[in-house]
Amino acid sequence: YKIPPRRIRVTSGINGNEMAEIVYPDIIEIRTVKRLFGDGDMVAFLRDGAKFEMRNIPNFEETMDFILEQVDPKVAEQYKKKGDVTNP
């Protein structure tokens, strides 16, 4: 995963042949699940109805803090209220 200030980029597949990226303004909702050892999973729901899934994100808390600074404030507020599904 690469998570710079303008977009999220995921490289996957055999030898990293497949790449997908989204820009923060396209995110309308975020849901997460925390895992053991500080990792976690995230699903971002996009304006066009698509879902962007990221699994086993390292340094999960720090990464989510950074992502929440980049997304629309309404999206961040909604996530803080009910986005983490491990804390219903």
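A brief report on the enclosed structure follows. If you're wondering where the values come from, they're calculated on a predicted model, not measured in any experiment.

With that settled, consider the sheet that holds strand 5 (residues 51–57). Strand order in the open sheet formed by three strands is 3-4-5, with antiparallel pairing between adjacent strands. Among the strands making up the open sheet, the edge pair consists of strand 3 (27–34) and strand 5. Neighbour-to-neighbour, the strand axes of this sheet turn through a mean angle of 15°, independent of strand direction. As judged from the seven bridges shared by strand 3 and strand 4 (residues 40–46), these two strands associate in the antiparallel manner. Each residue of the ladder has a partner; that of Glu29, found in strand 4, is Phe45. Contacts from helix 1 (residues 60–70) reach strand 3, strand 4 and strand 5 within the one sheet, and its direction differs from that of strand 3 by about 170°.

Okay, the environment of Arg6 next. Its place among the elements puts Arg6 in the segment before strand 1 (7–12). In the structure, Arg6 is positioned 29 residues away from Arg35 in sequence and 26 Å away in space, judged by C-alpha atoms. If near-sequence neighbours (up to four positions away) are discounted, Arg6 is found in contact with Val23 and Tyr24.

What follows covers helix 1. Along helix 1, the residues classified as buried are Phe60, Thr63, Met64, Ile67 and Leu68. Across the axial projection of helix 1, the buried residues extend over an arc of 135°, all falling on one side. Exposed positions of helix 1 whose direction lies more than 90 degrees from the buried face are Glu62 and Glu69. Summarising the contacts, the buried residues of helix 1 are in contact with strand 1, strand 3, strand 4, strand 5 and helix 2 (73–82).

What follows is about helix 2. Buried within helix 2 we find Val75, Ala76 and Tyr79. Relative to the axis of helix 2, the buried residues are bounded by an arc of 100° and lie together on one face. Residues Pro73, Lys74, Lys80, Lys81 and Lys82 are exposed on helix 2 and point more than 90 degrees away from its buried face. Two or three places before Lys74, at the start of helix 2, stands the capping residue Asp72, its side-chain oxygen 2.8 Å from that residue's backbone nitrogen.

Looking now at the nonpolar core. Formed by 20 residues in total, the largest nonpolar core has its most connected members in Ile8, Ile27, Ile30, Met42 and Val71. Mapped onto this core, the elements with two or more residues apiece are strand 1, strand 3, strand 4, strand 5, helix 1 and helix 2. Ranked by residues supplied to this core, first place goes to helix 1 with four residues. Contacts of Val71, omitting those with residues within four sequence positions, involve Tyr24, Ile27, Ile30 and Ala76.

Analysis parameters
- Residues numbered from 1 in each chain as written.
- Predicted model: local features only at pLDDT ≥ 70, side-chain atom pairs only at ≥ 80, totals over all residues.
- Heavy atoms only, no water.
- Pairing = 2+ DSSP bridges.
- Helix = DSSP H or I, 4+ residues; strand = E, 2+ residues; numbered from the N terminus.
- Axes fitted to C-alpha atoms, helices over the stretch in contact; angles between N-to-C directions.
- Contact = heavy atoms within 4.5 Å.
- Buried < 20%, exposed > 50% of the residue type's maximum accessible area, 1.4 Å probe, protein only.
- Arc of directions from axis to C-beta.
- Polar contact = N/O pair within 3.5 Å; in protein donor to acceptor, adjacent residues only side chain to side chain.
- Core = buried A, V, L, I, M, F, W, Y, C linked by side-chain atoms within 4.5 Å.

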